[in-house]
Protein chains: 2
Amino acid sequence: MSKLIGKALVAQGGGPTAVINQSLAGVVLESRKFAEISKIYGAKFGVSGIVNGFFLDLTESTTHNLGQVAKTPGAALGSTRDKPDEAYCKKMFEVMQRHDIRYFYYIGGNDSAETCRIVNEEANKANYELRVIHIPKTIDNDLVGTDHCPGYGSAGKFVAQAFAGANLDNCSLLGVYIGVIMGRHAGFLTASSILAKKFPDDGPHLIYLPERVFDPGKFVTDVQSVYEKYGRCVIAVSEGISDKDGKLIALSLQKEMEKDAYGNVQLSGSTALGDLLADLIKAKTKIKRVRADTFGYLQRSFLGCVSEIDRNEAREVGEKAVQYSVWHNVDGSVAINRVGDYAVEYKLLPLEEVAGKTKTMPTEFIDGDNMVTEAFKNYARPLVGDMEVLDRLAAPEVKKSL
Amino acid sequence: MSKLIGKALVAQGGGPTAVINQSLAGVVLESRKFAEISKIYGAKFGVSGIVNGFFLDLTESTTHNLGQVAKTPGAALGSTRDKPDEAYCKKMFEVMQRHDIRYFYYIGGNDSAETCRIVNEEANKANYELRVIHIPKTIDNDLVGTDHCPGYGSAGKFVAQAFAGANLDNCSLLGVYIGVIMGRHAGFLTASSILAKKFPDDGPHLIYLPERVFDPGKFVTDVQSVYEKYGRCVIAVSEGISDKDGKLIALSLQKEMEKDAYGNVQLSGSTALGDLLADLIKAKTKIKRVRADTFGYLQRSFLGCVSEIDRNEAREVGEKAVQYSVWHNVDGSVAINRVGDYAVEYKLLPLEEVAGKTKTMPTEFIDGDNMVTEAFKNYARPLVGDMEVLDRLAAPEVKKSL
């Protein structure tokens, strides 16, 4: 087999994560070790930079700069929400051909894998030798074929530490707290809210995942029951929770509440899921202090909350992508295989096995309709890594005088 | 002067912070060094635990446990929103008398200082010797007489790192980002959004403080102008921004938008300030990608984001409280005096100088109606301390082929 010699191109797609730049640094630093790769270009703003030929020459970046960028959240090359169709991919391929790109590395989720698959097809059709490797990245942890996705561990650590803090706040000032977490179809990130729970009565006490039907009536009963037991209740909710017809609760609940007679409680008129659920609890129970937060962009972008394992694996999938393409001269999607507690190895999957597909939480990770299992905790704990210290006062109560 | 011998009582009031338990540990560990203090009790749930006589005997807590609790966000004793009037304070005083409490330490904001002042008055009236010390705590940094308040530095660090991340996310996927920050009257916490800004074109590009009148029309022009310059815009907004009549924008804007004809843009119907401002930009400009987050409870409770100086000072104000009361046999509110760059000393202010008063951002910290000054940055940087690393790719653009 003759060596494939030419330029390499790397791009980042979809929502950024805390460690997506580790994968970028992995690709760039590794590719510079190979004589087959004459230059390594970075496309600005993902696939849109490819069709426009907007490239940086990363062969002229320094090791220190790449090391600092690797530690920085967000997509250093810029990203895009463009979802290329065949015509778009054809154009991408033409630009690559013009620049003598022979290695294409695309860091992203299942849409990015799909783009890789189509570009690869175009190259085959044109009889143009091009190695295409998809490098996994997503906070949702929803790619098939891999044990987990780089980016999930750090986002999970943020959510776990946010809920640990929210639980302590809720212990300080009693009431109901609702935190709404990203993840339309897969509940992995919402489930990670449990990972810094220490004492048996710590929250989150209830976890609602998109994998289970959400029943507003049952929700009120659940909350009431926890509140009666502990005098407080901390709840993790996925933004993607849906009713029995698959309709998002964020859409269906407001209509239901508007037409129903909800006592004398004034609806805030909000369409935000957290506020709607808070209004529901205020309307249907006697609980007065009900608060809701939507974690928003902080969970994927916060500076300074990175899982060590996630950081290292994100770097490694970038390095492995280059190695597979050059040493083995193959296309595919890099995947992580868990081989110990905790140890991993890497493998390459065919692009079509990953492209456009979504993984959700397996049944063994879900306990009933409002909790996760010990199996989930064992799965996720090594990924988010060490958590900060927290403790309670251990001191006896003073006997009331008189 | 004869020594005052008896029990000590410590309580925590108002919203918790990341370091309020440092002050608690400071009080407990320091008070156990004095023979004058026979026992140190902790009131559960602030003043409400005092009127109910719900105390923990912290003399029976261990050094390790207190050390771990000190590192834990939230109020370990529990807090309360009760604002005691004279009758309430009288009842508190009676319970203290019954338990032979001779030293009372209350960790909280200006309401807590006011409670201290009234309890002190009651003791004087009854000719009962009681030392009362207020220990400052607030993320809002709004206490008078002190250079800054323990709790602010850590919350400021969270906000700064959240905005650094949000800015990087906004660089990845261009658009407008609005982050809404706590602080009804004082803008210190919102202003801290600037502290991790590195490059000249980094966000936040606009900062709206409660100290300045907010004009929705001017806001739209500001945003449009930044967006034209950078192709994106990151905005920090205080939840307390108000119009020229002092009415909260969160209340006035919705009404205005409902009666105005806003083209074909559908209002989300939300009452959340961030969503309202996002709707306004979408309605009045051609910018499509507009996102808003409300930071909510995370900014005061997140586990794992503590400023080192804040942590140490929070511990010290607790220790100083005990020292003032025993060595000097006086009442007052502990305050921090900045004496160098960066160095502090502690002093004790009369309770009435702090009680019920609010400090806002001084004029020299505010630049026009949408930015802070270098003087503010110099003031706040030592308080939030070191920030995580972040960097951009430094690599030349590739010349477009053809």
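Residues numbered from 1 in each chain as written. Chains lettered and ligands numbered in written order. Predicted model: local features only at pLDDT ≥ 70, side-chain atom pairs only at ≥ 80, totals over all residues. Heavy atoms only, no water.

A. Seen up close, the packing of aromatic side chains. Residue and element names in this part refer to chain A. Using the criterion set out here, one finds 35 aromatic pairs over all chains in the structure. Considering the side-chain rings of Phe163 and Tyr177, the 6.4 Å spacing of their centres and the 75° angle between planes classify their relative orientation as edge-to-face. Separated by 14 residues along the polypeptide, Phe163 in helix H6 (residues 152–172) and Tyr177 in strand S6 (residues 176–181) bring together distant segments of the chain. An aromatic cluster of at least three residues, connected via ring pairs, comprises Tyr152, Phe188, Phe365, Phe376 and Tyr379. In this arrangement the basic side chain of Lys44 is found over the ring face of Phe45, its NZ or CZ atom lying 5.2 Å from the centre. The lysine or arginine in question, Arg102, covers the ring of Tyr128, its NZ or CZ lying 3.9 Å from the ring centre. (Phe/Tyr/Trp six-rings, centres within 6.5 Å; stacked < 30°, edge-to-face > 60°. Helix = DSSP H or I, 4+ residues; strand = E, 2+ residues; numbered from the N terminus. Lys NZ or Arg CZ within 6 Å of the ring centre and 35° of its normal.)

B. Up close: the relation of the copies chain B and chain A. Between the two copies, chain B and chain A, the superposition gives an RMSD of 0.0 Å; the rotation angle is 180° and the shift along the axis is 0.0 Å. Read as a symmetry element, the transformation amounts to a two-fold axis. When the interface residues of chain B are mapped onto chain A, 100% of them are again interface residues, pointing to one common binding face. (Least-squares fit on C-alpha atoms with pLDDT ≥ 70 in both. Contact = heavy atoms within 4.5 Å.)

C. Focus on the confidence of the model for chain A. Averaged over all residues, the pLDDT of chain A is 94; the fraction at 70 or higher stands at 96%. In the predicted structure, residues 261–267 of chain A sits below a pLDDT of 50 and forms ten contacts with residues beyond four places in sequence or in another chain. (pLDDT = per-residue confidence, 0-100.)

D. Here's a closer look at the packing of helix H4 (residues 86–98) of chain A against helix H5 (residues 110–125) of chain A. All names here are of chain A. Between H4 and H5, the least distance of the axes is 9 Å, while the angle of their chain directions is 60°. What the angle tells us is that H4 and H5 run oblique. As for the relative orientation of H4 and H5, their crossing is right-handed in sense. Along its contact with H4, which presents Glu86, Cys89, Lys90, Met92, Phe93 and Met96, the element H5 presents Thr115, Ile118, Val119, Glu122, Ala123 and Lys125. Taken together, the residues of the contact of H4 with H5 sort by class into seven nonpolar, one polar and four charged. (Axes fitted to C-alpha atoms, helices over the stretch in contact; angles between N-to-C directions. Parallel < 35°, antiparallel > 145°, perpendicular 65-115°, else oblique. Left-handed = near helix turned anticlockwise from the far one by under 90°. Nonpolar A, V, L, I, M, F, W, Y, C, P; charged D, E, K, R; others polar.)

E. Looking closely at the interface of chain B and chain A. Listed as interface residues are 78 residues of chain B and, on the opposing side, 78 residues of chain A. Summing the contributions of chain B and of chain A, the shared interface buries around 6,400 Å²; its carbon and sulfur component is 63%. When the buried area of chain B at its contact with chain A is split by residue, Tyr297(B), Leu303(B) and Leu393(B) rank highest and sum to 12% of it. In this assembly, chain B and chain A are joined by two salt bridges. Asp169(B) is paired through a salt bridge with Arg300(A); the nearest N and O atoms lie 2.7 Å apart. (Buried area = accessible area lost by both parts, 1.4 Å probe. Salt bridge = Lys/Arg side-chain N within 4 Å of Asp/Glu carboxyl O.)

F. Quick peek at the sheet that holds strand S9 (residues 290–294) of chain B. Residues and elements named next belong to chain B. Strand order in the open sheet formed by four strands is S7-S8-S6-S9, and the pairing between neighbours is parallel. The open sheet is flanked by strand S7 (206–208) and S9, the only strands paired with a single partner. Averaged over all pairs of adjacent strands, the angle between strand axes in this sheet comes to 15°, irrespective of strand direction. Helix H10 (residues 273–284) contacts strand S6 (176–181), strand S8 (233–238) and S9 of the sheet and is inclined by roughly 155° relative to S6. (Pairing = 2+ DSSP bridges.)

G. Spotlight on helix H1 (residues 20–31) of chain B. All names here are of chain B. In a regular helix each residue adds 1.5 Å, so twelve residues correspond to 16 Å; H1 covers 17 Å between its end C-alpha atoms and thus fits that length. In terms of burial, H1 is largely enclosed, as eleven of its twelve residues are buried. Within the span of H1, buried status applies to Ile20, Asn21, Gln22, Ser23, Leu24, Ala25, Gly26, Val27, Val28, Glu30 and Ser31. Elements that come into contact with the buried residues of H1 comprise strand S1 (6–12), strand S2 (37–43), helix H3 (63–70), strand S4 (101–108), strand S5 (131–136) and helix H12 (308–328). (Expected span 1.5 Å × (residues − 1). Buried < 20%, exposed > 50% of the residue type's maximum accessible area, 1.4 Å probe, protein only.)

H. Region of interest: the pattern of salt bridges. Residue and element names in this part refer to chain A. Applying the stated rule across the entire model yields 36 salt bridges over all chains. Asp57 serves as the salt-bridge partner of Lys39, at 3.1 Å between the closest nitrogen and oxygen. Separated by 18 residues along the polypeptide, Lys39 in strand S2 (residues 37–43) and Asp57 in strand S3 (residues 55–57) bring together distant segments of the chain. Using a relative accessible area of 29% as the deciding quantity, one classes Lys39 as partly exposed.

I. Just the nonpolar core, in detail. Judged by nonpolar contacts, the single largest core of 82 residues is most densely connected at Phe158(A), Phe376(A), Phe158(B) and Phe376(B). Beyond its immediate stretch of four places on either side in the chain, Phe376(B) contacts Tyr152(B), Phe188(B), Ala191(B), Ser192(B), Ile194(B), Leu195(B), Met361(B) and Phe365(B). (Core = buried A, V, L, I, M, F, W, Y, C linked by side-chain atoms within 4.5 Å.)

J. Molecular detail of the environment of Ala186(B). Residues and elements named next belong to chain B. Relative to the assigned elements, Ala186 resides in the loop between S6 and helix H7 (188–191). You can call Ala186 buried: its relative accessible area is 3%. If near-sequence neighbours (up to four positions away) are discounted, Ala186 is found in contact with Asp140, Asp142, Pro210, Glu211, Lys359 and Thr360.

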